[in-house]
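Topology and contacts: notes
So you can see what is in the structure, the chains are spelled out below.
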Amino acid sequence: MNEIIIAILRSGTPLIYVTLAGVIAQRAGVWNLGLEGLMIIGACATIVGIMLTNSILAAILIAILMCVLASVLLWFVIDRLKANPIIAGLGLTGLGVGGTALAVQSIFGSQASVTAPFGIPKLGPAFGAYGVLSISVAAMPFVVFGIWVLLRRTRFGLRLAACGEHPFAARSVGANPSRMRLVALSIGGVLCAIGGAELAAGSLQFFAQGMTAGRGFMAFAAVIFGASHPVGATSAALFFAVVGALGIRAQLMFGDKIPHDLLQALPYLATVFGVWLSGKLRGGAKAASSFAELKDQ
Amino acid sequence: MSNPPKPALECRDVTVKFGDVTALSDVAVSFAPGQIHAVVGQNGAGKTTFARVAAGLVQPTAGAVDVMGEEIRTGHVSQSRAAGVELVHQSFALPPSFTVAETMEFGATGKGGIYSRRGLAEKWRTHLAGLDVQVDLNRRIRDLPIETQQGIEIARALVMDARVLILDEPTAVLSPSGIDMLFARVRRLKQRGVTVILILHKIREVLGIADTVTVLRGGRKVEGPLPIAEVSAERLANLIVGDAIAKTLDRHERDALVGTKSPVGEGAGHPENATGPSVLSMTAVSTRPDSEGIALDGIDLDIRPGEIVGIAGVEGNGQKTLVRAISALADLASGSIRLAGQDVTGAPLAARRAIGLRIIPFERNVEGLSLTSSLWQNWSARELLQGSLLKVIRPSAVREACDRSLREWSVHYHNSMQKAGSLSGGNAQKVILAREVDSDARLIIAAQPTRGLDIGATAFVWQALRQARDRGAAILLISSDLDELFDISDRVVVMLSGRVNGEFRAPFDIASVGAAMTDAAARTSA
């Protein structure tokens, strides 16, 4: 049982951090399809940072810096250059996936995966079987709670939501929707960096090309499934992680009897199911209208 | 008095340009504190722009704004709010998913911090009670009736110590009794020392509430602020309309256009003209609930050729769903719809249009026209949709036909290749009329056909609808302007909560129509 919970937390934590980034962007009115790119930039920058500085703290700071810069770029393209947010987000994903491959190639001279000597510190033996988990897994519930308070229990959160839902109302009380989107995407950049760091240096200690393998999109699906609510989206991300862990479990139990590819596809199938379900439950009207209002600005 | 009080709000030679368009031109006006000031003018006169400059939402091209004698930085909402200027928008600016308490909090300034749901409701309960807004603070904005939403928007504007409260066309969305409630609220604010600036476009409302009146026309100040005792309705009407246009309107039409008197509709109503079998016949029509508006609940409606039936009602009581049901865009749960004798209950829109259904839709720029397409493409959509998909088109011939039609409708345009988005509101509406009001039209739905149009264009639309009626078309007119409904309708049907809540014939009585708009018990048939 412990093993399954550990597996779920390991695969779920990076997803949850990135999901929270998506939630904040969504509430501010930005459909952030650049999550995949931001996550892989965070993962790559962490491993490269460890290799270059030999310090996990410095490495994570580098990852945060890179992801925030990439987020500011996304904001600039959407908000100032008036690009379509969907296309801009997908562009950022392309930049992240391709750019990290290029960075590894040019720094280490090969496209092979890069293994770091150490990763994010573990909880340690004091936590028994769970000691193998990294401290960012332990920090995750507190971060979720913190983001929930920020978004749902402060005036800042209300203004952020107003900027996404009704930018004109936000402007009428003196908020600046453009600046709020910048703040939202920047906070998202920090969270994506931590998510990427946990993916590459949490339980593993290496970076490989394309290692996010669609997790950023899965996080985006969790945002939609969870109705842009921090706790709802976190639960959705956790649900995807549970399905993934059960898939691996099933693989071990049934071996060859079930096609291996089908089991690997389970989390993705769960994602499709989740998005379908959320569309069924809410009609998907709200998201569409907030996108229209963003264009209206 | 040797030292007159400083004006609460003063605009000094304010000019606003949006691209080539001048919305306000050298407007200089000052409002004395503690009074109720009306600003009037037709659509496009610059009233909303004036309000937005004062509120900091629009940066003027030139000029300055003083509040209580102090110049404020223009173009910054936070600066205007800090000086005590607050604006209540025409179509309220409230995020629909927010609860009442959240709506109050998100606009507040000063101490914030982390709140709890209960704490937030406590914090704002006394504020709302003090303004006589009776509402559960945990309900969401989208679930509240329009009068309550307006009360909340006013309360939202008063979360800080507002000294100047501007309300942009607050009466446009209200029922007659809602207007009375609003005016009572405004008078109480005056007693509290708030300077209130009401943007209005009906003269009788101005005369009923304001201490002074200022008239704007074509972005310029024509007159004002004049003490209300010194102006007659007659003079005000001419100031609003302008001498040039006033000459072209008959007196009765002008009075309906500027809302001089209590509307009685003595000039309308020729139900005896309407003979023959119904063009539209809806029997017990109910629609399935969907996200786009409230569902219809057992609507019975008959319109005969040669009659204009007006639909009155506070916005959001099923008028949009009614149009969607007739145009096959809403799912019926029960009931039947017949057009010109044929059962079209399950028929698609194309089949209904082929019978003679025409629609002047609510949203001119979204549903009515493709702003990025050319005029001839917009104009020809009707015919092209009716032909087969493989029908070969000769664009030059279509353009010629389009030119002929647009000239007939006196649309001002350069050539038929220009984009529809480049036209003014009145001309854009004329393009839609040119397309929808053709000789094959048997039922014309005119949904808010004059919203946002100036007086000349409004009179043009009314005339077009009357002519279509006289040719024998049936017309369903949906409007939130009772003057308009009473002036040109032969019958008025009131909608409330997706139901028909009363039917009236000319001469219309504003009190009983108003009662039917708000009160389910007033089910009468005059």
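Criteria and cut-off values
Residues numbered from 1 in each chain as written. Chains lettered and ligands numbered in written order. Predicted model: local features only at pLDDT ≥ 70, side-chain atom pairs only at ≥ 80, totals over all residues. Heavy atoms only, no water. Helix = DSSP H or I, 4+ residues; strand = E, 2+ residues; numbered from the N terminus. Rg over C-alpha atoms; globule rule 2.2 N^0.38 Å. Buried < 20%, exposed > 50% of the residue type's maximum accessible area, 1.4 Å probe, protein only. Contact = heavy atoms within 4.5 Å. Lys, Arg positive; Asp, Glu negative; His and termini not counted. Charge placed at Lys NZ, Arg CZ, Asp CG, Glu CD. Areas by Shrake-Rupley, 256 points an atom, 1.4 Å probe, with all protein chains shown as cover. Buried area = accessible area lost by both parts, 1.4 Å probe. Salt bridge = Lys/Arg side-chain N within 4 Å of Asp/Glu carboxyl O. Pairing = 2+ DSSP bridges. Axes fitted to C-alpha atoms, helices over the stretch in contact; angles between N-to-C directions. Left-handed = near helix turned anticlockwise from the far one by under 90°. Nonpolar A, V, L, I, M, F, W, Y, C, P; charged D, E, K, R; others polar. Patch = residues over 30% accessible without salt bridge, like charges linked within 9 Å, V, L, I, M, F, W, Y side chains within 5 Å. Domains from an automatic or database assignment. Polar contact = N/O pair within 3.5 Å; in protein donor to acceptor, adjacent residues only side chain to side chain. Core = buried A, V, L, I, M, F, W, Y, C linked by side-chain atoms within 4.5 Å.

With that out of the way, let us pick up the overall build of chain B. Assigned secondary structure in chain B consists of 19 helices and 20 strands. Whereas a compact globule of 526 residues would reach a radius of gyration of roughly 24 Å, chain B reaches 24 Å, a difference of no more than 12%. Expressed as a percentage of the 526 residues in chain B, the buried residues total 54%. Across chain B, contacts joining residues at least 24 apart in sequence account for 68% of those joining residues at least 6 apart. Positive and negative side-chain charges in chain B, numbering 59 and 59 respectively, have mean positions lying 3 Å apart.

A few words now on the overall build of chain A. Check the secondary structure of chain A and you find 13 helices and two strands. Relative to the globule expectation of 19 Å for 297 residues, the C-alpha radius of gyration of chain A, 19 Å, shows essentially globular dimensions. In terms of its C-alpha atoms, chain A occupies a principal-axis envelope of roughly 55 × 40 × 35 Å. Taken over 297 residues, chain A has a buried fraction of 51%. Sequence separation of at least 24 residues holds for 76% of the intrachain contacts in chain A that already meet a minimum separation of 6. Accessible surface, chain A as shown: approximately 12,600 Å² in total, 71% of it carbon and sulfur. Positive and negative side-chain charges of chain A, numbering 19 and 9 respectively, have mean locations separated by a distance of 10 Å.

Residue-level contacts link 30 residues of chain B with 19 residues of chain A. Roughly 2,100 Å² is buried in total at the junction of chain B and chain A, and carbon and sulfur atoms are behind 57% of that figure. If you sort the residues of chain B by the area they bury against chain A, L57, F106 and Y115 of chain B come out on top, with a joint share of 29%. One salt bridge connects E105 of chain B with R155 of chain A, and the closest N-O pair in it is separated by 3.1 Å.

Residue and element names in this part refer to chain B. Using the criterion set out here, one finds 30 salt bridges over all chains in the structure. For E436, the salt bridge identified is with R435, shortest N-O distance 2.9 Å. E436 sits in the buried class, given a relative accessible area of 2%. The exposure class assigned to R435 is buried, which follows from its relative accessible area of 8%. E503 serves as the salt-bridge partner of R505, at 4.0 Å between the closest nitrogen and oxygen. Taken together, the shared-partner salt bridges connect R81, E86, E153 and R156 into one network.

What follows concerns the sheet that holds strand 8 (residues 195–200) of chain B. Residues and elements named next belong to chain B. Here we have six strands laid out as an open sheet, ordered 6-7-8-3-9-10, and mixed in their pairing. Lying at the two open borders of the sheet, with one neighbouring strand each, are strand 6 (85–88) and strand 10 (220–227). The mean inter-strand angle of the sheet, taken between neighbouring strand axes irrespective of direction, is 15°. Direction of pairing for strand 3 (residues 36–40) relative to strand 8: parallel, over a ladder of five bridges. Within strand 8, the residue paired with I36 across the bridge is V196. Strands strand 6 and strand 7 (164–168) of the sheet are contacted by helix 5 (residues 146–157), whose axis makes an angle of about 165° with strand 6.

Hydrogen bonds along the backbone pair up the strands of a sheet, which may run parallel or antiparallel. Residue and element names in this part refer to chain B. Read from one edge to the other, the open sheet built from four strands follows the order 2-1-4-5, with strand pairing classed as antiparallel. For this open sheet the edge positions go to strand 2 (21–31) and strand 5 (70–72), each flanked by a neighbour on one side alone. Between one strand axis and the next, the sheet turns by 30° as a mean value, whatever way the strands run. In this sheet, strand 4 (residues 62–67) lies alongside strand 1 (residues 9–18) in antiparallel orientation, the contact comprising five bridges. Considered in strand 4, the bridge of C11 is made with V65.

Our focus in this paragraph is the packing of helix 1 (residues 2–27) of chain A against helix 10 (residues 230–254) of chain A. Residue and element names in this part refer to chain A. Running from N to C, helix 1 and helix 10 point in directions that differ by 145°, and their axes come no closer than 7 Å. Crossing angle aside, the handedness with which helix 1 passes helix 10 is right-handed. Here E3, I4, A7, I8, S11, G12, L15, I16, T19, L20, V23 and R27 of helix 1 lie close against helix 10, whose contacting residues are P230, A233, T234, A237, L238, F240, A241, V242, A245 and R249. In terms of residue class, the contact of helix 1 with helix 10 is made up of 15 nonpolar, four polar and three charged.

Moving on, we get to a nonpolar patch on the surface. A surface patch of nonpolar side chains, about 280 Å² in accessible area, is lined by M51, L52 and I107 of chain A. Tracing the chain through its elements places L52 of chain A in helix 2 (residues 35–53).

Residue and element names in this part refer to chain B. If you check the domain split of chain B, you get domain 1 (1–84 + 162–261), domain 2 (94–161) and domain 3 (280–356 + 440–522). Here domain 1 and domain 2 have C-alpha centroids that lie 27 Å from each other. Taken together, the contact pairs 16 residues of domain 1 with 17 residues of domain 2. Taken together, the two surfaces of domain 1 and domain 2 that pack against each other cover about 1,400 Å², and 55% of this comes from carbon and sulfur. Interface area lost by domain 1 to domain 2 is led by R81, A162 and R185, which between them contribute 44%. Applying the counting criterion to the domain 1 and domain 2 interface returns one salt bridge. In this structure, R188 and D132 form a salt bridge, with 3.3 Å as the shortest nitrogen-oxygen distance. Breaking the side of domain 1 that touches domain 2 down by element, the ones donating at least two residues are strand 7 and helix 6 (176–191).

Before going further, it helps to spend a moment on unusual backbone geometry. Cis geometry is adopted by the peptide bond preceding P507 of chain B, which originates at A506 of chain B and carries an omega value of -5°. If you trace the backbone, P507 of chain B turns up in the loop between strand 20 (499–505) and helix 19 (510–518). You will see that S228 of chain A, though not glycine, has its phi angle at about 60°, which is positive. Checked against the element boundaries, S228 of chain A lands in the loop between helix 9 (215–225) and helix 10. The backbone of S497 of chain B sits at a positive phi, close to 50°, despite the residue not being glycine. Structurally, S497 of chain B can be placed in the loop between strand 19 (491–496) and strand 20. When its relative accessible area of 35% is taken as the criterion, S497 of chain B is described as partly exposed.

Checked against the element boundaries, Q105 of chain A lands in helix 4 (residues 85–108). In terms of polar contacts, Q105 of chain A uses its side chain to reach the side chain of Q111 of chain A, at 3.4 Å.

Moving on to the nonpolar core. Residues L9, F50 and I166 of chain B are the most contacted members of the largest nonpolar core, which totals 221 residues. Top contributing element to this core by residue count: helix 2 of chain A, with 11 residues. One finds V279, L280, I311 and M495 of chain B within the second-largest nonpolar core, a separate group that totals 31 residues.

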